[in-house]
Amino acid sequence: MNKDIENELKGSRIRPTGRTIYEVTIQHVGSLNVLRQRESTVIFFSNLRKAVDAITAELALANWPPRVNYTAVYRGIKLRDFYSCDFDVAGTRVFRIKVVARVLNPALPRLGIDDNPGR
């Protein structure tokens, strides 16, 4: 019977921290943005591999050079908490791709409340 309880407890563990999602932002920058105003596009992915695959596929469809790869994005996020890459034409920046790891449903803080000393 103890094994059944242990197995049930193992299956119902609550993770103390939230789940990591990846925010991909495409920002139109540079002097070309003045001519054609465009807002930033923000997309969320639950998996870093899927995020990088989606970026590389869209870059390939639009004939942009494949300057984004999984290793570079992973290392950038681990070292600086974000990855960014600028794309330019003839020395003029056109857009920037930025990938940031975000925590979905983070653990609740203690809100600075101390333990009740009057017990």
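This text follows the structure it describes.
These numbers come from a predicted model, not from an experiment.

1. Some words on the sheet that holds strand β3 (residues 82-89)
Alright, step 1. Here we have four strands laid out as an open sheet, ordered β2-β1-β4-β3, and antiparallel in their pairing. Strand pairing shows two members of the sheet lacking a second neighbour, β2 (41-45) and β3, which therefore form its edges. Strand-to-strand twist of the sheet, defined as the mean angle between neighbouring strand axes without regard to direction, takes the value 20°.
Alright, step 2. The pairing of β3 with strand β4 (residues 92-104) spans eight bridges and is classified as antiparallel. Bridging across to β4, Phe87 finds its partner in Phe95.
Alright, step 3. Contacting β1 (19-28), β2, β3 and β4, helix α3 (residues 48-61) crosses the sheet at an angle of about 165° to β4.

2. Comments concerning unusual backbone geometry
Alright, step 1. The phi dihedral of Asp81 is positive, around 70°, even though this residue is not glycine.
Alright, step 2. Along the chain, the position of Asp81 falls in the loop between α4 (70-80) and β3.
Alright, step 3. Relative accessible area serves as the criterion here: at 56%, Asp81 is assigned to the exposed category.
Alright, step 4. Positive phi outside glycine occurs at Ala90, with the angle close to 55°.
Alright, step 5. Relative to the helices and strands, Ala90 is located in the loop between β3 and β4.
Alright, step 6. By relative accessible area, which is 80% here, Ala90 ends up exposed.

3. Details of the pattern of salt bridges
Alright, step 1. Under the definition given, this model contains three salt bridges.
Alright, step 2. Glu23 is the partner of Arg102 in a salt bridge, and the nearest nitrogen-oxygen pair spans 2.9 Å. With Arg102 in strand β4 and Glu23 in strand β1, the pair connects residues that are 79 residues apart, well separated along the chain.
Alright, step 3. Residue Arg102 is classed as partly exposed on the basis of its relative accessible area of 40%.

Procedures and definitions
- Throughout, residues of each chain are indexed from 1 in the direction in which the sequence is written.
- With the structure being a predicted model, the display of local features is reserved for residues of pLDDT at least 70 and the display and counting of side-chain atom pairs for 80 or more, all residues being used for whole-chain, interface and lining totals.
- Here the side-chain values reflect all heavy atoms present in the structure, with hydrogen atoms and water set aside.
- We call two strands paired when DSSP finds no fewer than two bridges between them.
- Under the scheme used here, helices are H or I runs from DSSP no shorter than 4 residues and strands are E runs no shorter than 2 residues, and both carry numbers assigned from the N terminus.
- Note on geometry: axes are C-alpha line fits, over the in-contact stretch for helices, and angles between N-to-C directions span 0 to 180 degrees.
- Contacts are assigned to residue pairs that have any heavy atoms within 4.5 Å of one another.
- Per-residue accessibility, obtained with a 1.4 Å probe over protein chains only, is compared with the maximum for each type, and a residue is labelled buried under 20%, exposed over 50%, and partly exposed between these values.
- What counts as a salt bridge is simple: a side-chain nitrogen of Lys or Arg found within 4 Å of a carboxyl oxygen of Asp or Glu.

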